[in-house]
Amino acid sequence: EGDSGTVVVQTAPGKVVTHRGGTIILPCRYHYDVTAHEPAQIRLKWTKVTEPMSFEDVFVALGTARRAFGVIFPYHPRLGRYTLNFHEAQRACEEQDGILASHDQLHQAWLEGLDWCNAGWLEDGSVQYPISRPREHCGRKDTPGGVRNYGYRHKESERYDAFCFTSNLNGKVYFLKTFRKLSYPEAVQACKNNGAAVAKVGQLYAAWKIQLLDRCEAGWLEDGSIRYPIVNPRARCGGREPGVRNLGFPDKKYKLFGVYCFKKAGEVPPGEPAGRPERV
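Residues numbered from 1 in each chain as written. Predicted model: local features only at pLDDT ≥ 70, side-chain atom pairs only at ≥ 80, totals over all residues. Heavy atoms only, no water.

Caption draft 1: Representation of the state of the cysteines within the structure. Scanning all chains against the criterion turns up 4 disulfides. For Cys 117, the disulfide goes to Cys 138, at an S-S distance of 1.8 Å. Every disulfide takes its handedness from the sign of the S-S torsion; for Cys 117 and Cys 138 that torsion is -125°, giving left-handed. Pair noted here: Cys 117 is in the loop between helix H2 (103-111) and strand S8 (120-121) and Cys 138 is in the loop between strand S9 (126-131) and strand S10 (146-152), with a separation of 21 residues, a long-range link. On the basis of relative accessible area, Cys 138 is assigned to the buried category, the value being 1%. Each disulfide in the protein chain links cysteines that, numbered along the sequence, combine into the pattern 1-4, 2-3, 5-8, 6-7. (Disulfide = S-S within 2.5 Å. Helix = DSSP H or I, 4+ residues; strand = E, 2+ residues; numbered from the N terminus. Buried < 20%, exposed > 50% of the residue type's maximum accessible area, 1.4 Å probe, protein only.)

Caption draft 2: Up close: helix H4 (residues 201-211). Counting buried positions over the 11 residues of H4 gives 9, a clear majority of the element. Among all positions of H4, only Val 201, Gly 202, Gln 203, Leu 204, Tyr 205, Ala 206, Ala 207, Trp 208 and Ile 210 are buried. Structurally, H4 contributes buried residues whose contacts are with strand S6 (71-75), strand S11 (161-166), strand S12 (171-175), strand S15 (226-230), strand S16 (243-246) and strand S17 (258-264). At the exit of H4 stands Leu 212, carrying a positive phi of roughly 55°. (Contact = heavy atoms within 4.5 Å.)

Structural data, given as C-alpha cells:
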C-alpha cells in the first residue's frame, strides 16, 4: 500500500524463473482511489533485492513515461569484422560479460538511437543491424530507418559480428591513474596491483550507461581493444554523440594508453558506489 493507503499492489504468489537476458512476465496489478490520485501521479518502480536491505532499480514508470534498464553493444574481435560464426559470436559475448541479444532488445536499442552499419548475430540465429540514420553505404539513403534483417543464417559457415546484451555490473569500472602510459601486459599487472582486473567490453558499456562513466582517455580493455566512454560529448572526445569510442586493437607492446579496471562489488572501497544493473 502507498503511504495514504489508497494504492494497492497485488502480485502472484510463488517464484517466476528465467535465464539472464531472457523474456519474462512478472505478474503485477495495482489499483487506487481515482479521487485521490491522477493517473500521471502514479509512479511504478521495480527493484531487485541484491543483499538484505539493498535494492537496485530495474524499471521505473511515471504516467506514460518509462525507463527500462540494460545495454546492447556491437562486438567484433581482434581478427576483424565478419569473422564470427554463430557459436563463436555466443562465446565472444560471454567472454566480454554479455550474451547474444534478442531481437526485442536490439529493437529497443534502436528506438533509443542505436545506429550501427554492420550486421551481427542475435540469440535466435538471425542476423540483423539497426539503422537510425539511413545512408548510401548502409542499405541506401532513401530507405527508412529500422532494424534491418538478413533472416536466419547458417550457424557454422556464415560469419558476421555480434550484438551482445549485458544487464549486470556487480562492481565498479574506473580509469586507473598511472604516471605513464602502459603496454597491455603492464595494464594487466597495474589493475592486479590495484586489487582489480582489466575491464571487459560489456563491463565498460554497462558502466557508461549505468554509472554514467565519462572519461576522455583511451584505455586498454581485457580483449586487447582500446576504448573510452563518453556521456557528455565535447571537443576532441570523438564525435557529437554519447557512446563508447573504439580505437581498435593495437599491438599489445605499445605503451600509448591507460587502462580501465573492474573491481567486484565486495571489493569496492567504502564510499565508492558499485554499479547498478540496467535491465533484466
